[in-house]
Amino acid sequence: MTYTVEKIGGTSMSAFDAVLDNIILRPKDPYNRVFVVSAYGGMTDVLLENKKNGKPGVYQLIAKRDDTWGEALAQVERQMLLVNENIFADPMSRMRADKYIRSRIAEAKNCISNILDTCRYGQFSLRHYLPQIREFLSSIGEVHSAYNSALKLKTLGINATFVDLSGWDCQKPLTLDETIAEAFEEIDVTKELPIVTGYAYTKDGLMKTYDRGYSEMTFSRIASITNADLAIIHKEYHLSSADPRIVGTDQVLPIGKTNFDVADQLASLGMEAIHPNAAAGLRQSGIQLQIKNTFEPEHPGTSISSDYNPETDKIEIIAGKEKVFALHLFDQTIVGQVDNVSYDLMQIIAEARVNLIGKEMNANSITYYLGGNEEALNKVLYRAEKRYPNASIKGRMVALISVIGSQIDTNKTLTKGVLSLMENDVTPIAVHSSMRNVNVQFVVADSEYQQTICALHKVFCLPQNEPQALTA
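Residues numbered from 1 in each chain as written. Predicted model: local features only at pLDDT ≥ 70, side-chain atom pairs only at ≥ 80, totals over all residues. Heavy atoms only, no water.

Examining the pattern of salt bridges
Pairing is possible between side chains of opposite charge, provided their charged atoms come close.
Then comes step 1: Counted by the stated rule, this structure contains 15 salt bridges.
Then comes step 2: Between lysine 323 and aspartate 446 there is a salt bridge, with the nearest N and O atoms lying 3.4 Å from each other. Of this pair, lysine 323 sits in strand E9 (residues 317-330) while aspartate 446 sits in the loop between strand E14 (439-445) and helix H17 (449-460); the two residues are 123 residues apart in sequence, bridging distant segments of the chain.
Then comes step 3: What makes lysine 323 exposed here is its relative accessible area of 53%.
Then comes step 4: Taking the relative accessible area as the measure of exposure, aspartate 446 reaches 16% and is therefore buried.
Then comes step 5: Overlapping salt bridges bring together Glu85, Arg94 and Asp98 as one network. (Salt bridge = Lys/Arg side-chain N within 4 Å of Asp/Glu carboxyl O. Helix = DSSP H or I, 4+ residues; strand = E, 2+ residues; numbered from the N terminus. Buried < 20%, exposed > 50% of the residue type's maximum accessible area, 1.4 Å probe, protein only.)

A few points about the sheet that holds strand E13 (residues 430-433)
Then comes step 1: Strands sit in the order E10-E11-E9-E12-E14-E13 across an open sheet of six strands; the sheet is antiparallel. A single partner strand is all that each edge strand has here, and the edge strands are strand E10 (355-361) and E13. Strand-to-strand twist in this sheet, taken as the mean axis angle between neighbours without regard to direction, amounts to 30°.
Then comes step 2: As paired strands, strand E12 (residues 392-404) and E14 are joined by seven bridges and run antiparallel to one another. Within E14, the position partnered with isoleucine 401 by the bridge is phenylalanine 442.
Then comes step 3: Along the sheet, helix H14 (residues 338-352) makes contact with E9, E10 and strand E11 (365-371), crossing E11 at roughly 20°. (Pairing = 2+ DSSP bridges. Axes fitted to C-alpha atoms, helices over the stretch in contact; angles between N-to-C directions. Contact = heavy atoms within 4.5 Å.)

Purely geometric numbers; function is a separate question.
Here you go:
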């Protein structure tokens, strides 16, 4: 029998009835599987910060020494209790679920309060404690969803096992691999169904190392360490030819088959099929990854493997990122010294903790494409101007759109793409292709993001109309 390790995304977890019917209870035998669950949709955003708009959650309020963090944590608790109410019709099960999460949040609040009290003394700095606070706050979301899932399955007669990797009471932190190996040492997947927290406590700090991609790392390492036959990620959408919210749900097509090279290109744009480090683990272990739509269980989804190498050129997906900060430095005196300037700017970028998405350079200019919050990006611009006062340094918001495929003719793609954009009144700011024939990237004004996606998807991914025969 095939042994699978499966991850369920946050939006899917919020539709838990569909998860039960379409995923967990679908096969006659529910065992020989491990489920790694994310927090319910939006829960990590209110615990840390909103991933899309940067709105502060509990963690960011603590970091800013905003006294409203306690009320924000209380609001998180109310949201979690409301989730419990929707999941558990049985009052006894709901009471158990409520008691469990209330206890976790009370302990978290007490711990944070003690840290803040300690940091009132000059010898102690809150800055040194923030990474640990971020770690255990992030764990609360996954603990909540995993505990609830295991409890719900037990009420349905399934021998579910709640596997808490959060290290709440752990005295000695281990590596991620050691933590997983220890947790699964006595688990028999043929007779029990492990429901595992997406967050795992490690001595290096999973959040510190992988930020919001930590649950995929946990999922990937479990698959590798326990020798899974197949790894599956369940999402609320297919891995499709473009974002259906932009081009229309009736226009997109599931990719079907691709390789990890394409997954890496998507990750660089923040459109992760899987975190690149998690993908590397599966690739090295020879484990195929399947991306499935939670709400279309009959559909095979998209398989990602190392050995997929199409014989013909094919564009698989149009993916992009809007609100990218283009930092451009021009100075005619740096000819022959561009590498030194690049090193200085990379230090500035790294210290500001913004994401480097792309880079281009020539004899006397460098452009970095960066992602991050406005405050951090402005800090990069200010420090660059201060470091190179005689250079012309400009920053502007742009959008990056990539045409991606496992095997494409980048020259033809570049030409065809530029013509398509010009026909749709979009003038690219820059275009990039590389010797590795997997993607061509177009840089356009941020306001032209959706227009560019639609134009490129139409020309590359939709069946082209055959020219009509001329009539006499």
